[in-house]
Amino acid sequence: MISFTVMAITFGVVFLAELPDKTALAGLMLGTRYRASYVFAGVAAAFAVHVTLAIAAGSVLTLLPHRLVQAVVGLLFLAGALMLLMKRDDGDGEHVKAPADQSFWKVSGAGFMLILVAEFGDLTQIMTANLAARYDSPVSVGIGAVLALWAVAGIGIVGGRTLMKYVPLRLITRVAAGLMLGLAGLSLVEAVAG
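Nothing here was measured: the structure is a model prediction, and the numbers come from that model. (Residues numbered from 1 in each chain as written. Predicted model: local features only at pLDDT ≥ 70, side-chain atom pairs only at ≥ 80, totals over all residues. Heavy atoms only, no water.)

Visitor: Please set out the overall build of the protein residue by residue, giving values where relevant.
Guide: Helix and strand counts for the protein stand at eight helices and zero strands. For the protein, the α and β elements follow one another from N to C terminus as α-α-α-α-α-α-α-α. For the protein, with 194 residues in total, the buried portion stands at 44%. Considering only contacts within the protein whose residues lie at least 6 apart along the sequence, 93% involve residues at least 24 apart. Accessible surface computed for the protein: about 9,800 Å², of which carbon and sulfur atoms make up 70%. (Helix = DSSP H or I, 4+ residues; strand = E, 2+ residues; numbered from the N terminus. Buried < 20%, exposed > 50% of the residue type's maximum accessible area, 1.4 Å probe, protein only. Contact = heavy atoms within 4.5 Å. Areas by Shrake-Rupley, 256 points an atom, 1.4 Å probe, with all protein chains shown as cover.)

Here's what the structure looks like:
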């Protein structure tokens, strides 16, 4: 069954965590050089692959004892929040070799490969697995996560520079870290309270 609450929580957490990520800046770079729809197609496909892998990993976690899973999830959320808070903004987006031509397959392939490699084992993929384990609603978490990642990709490709003029990257990162600290606290309380 699909839970709109779980989808909304997942969307918010993943969106805020992915927004300051370098891959959004890489999408912006590709979007300024190539047709945005081609770039988005490749990036969206790569994110769908990552969410599927994360949901599978999170579903395996649900087979473990509930208290143990909540403790592990809480610690992972706490680690993710700390990673976000300690993340330096060095401003140099991911670098990828530009395709020689503007064909759909070349441009979308470049976007797909960039995200596939750069996001593997990334914080948002780990968070998605954690959310899938926490809420035991893989479809809701998957939809929320993929929509959040696609939204960030769209923003990065089409209008990233404009957003960053109005919303400081540091604020976005701190809000995402705060949400993750909250989820860590809830998970750890559930682990202790049983």
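Once you've had a look at it, read on.
Visitor: Go over the packing of helix 1 (residues 4-18) against helix 6 (residues 123-135) with me, naming the residues and quoting the values.
Guide: Contact geometry for helix 1 and helix 6: axes closest at 10 Å, N-to-C directions at 160 degrees. Of the possible angle classes, the one that applies to helix 1 and helix 6 is roughly antiparallel. The handedness of the crossing between helix 1 and helix 6 comes out as right-handed. From helix 1, V6, I9, T10, V13, V14, A17 and E18 reach across to helix 6, where they touch T124, M127, T128, L131 and Y135. Split by residue class, the contact of helix 1 with helix 6 holds eight nonpolar, three polar and one charged. (Axes fitted to C-alpha atoms, helices over the stretch in contact; angles between N-to-C directions. Parallel < 35°, antiparallel > 145°, perpendicular 65-115°, else oblique. Left-handed = near helix turned anticlockwise from the far one by under 90°. Nonpolar A, V, L, I, M, F, W, Y, C, P; charged D, E, K, R; others polar.)

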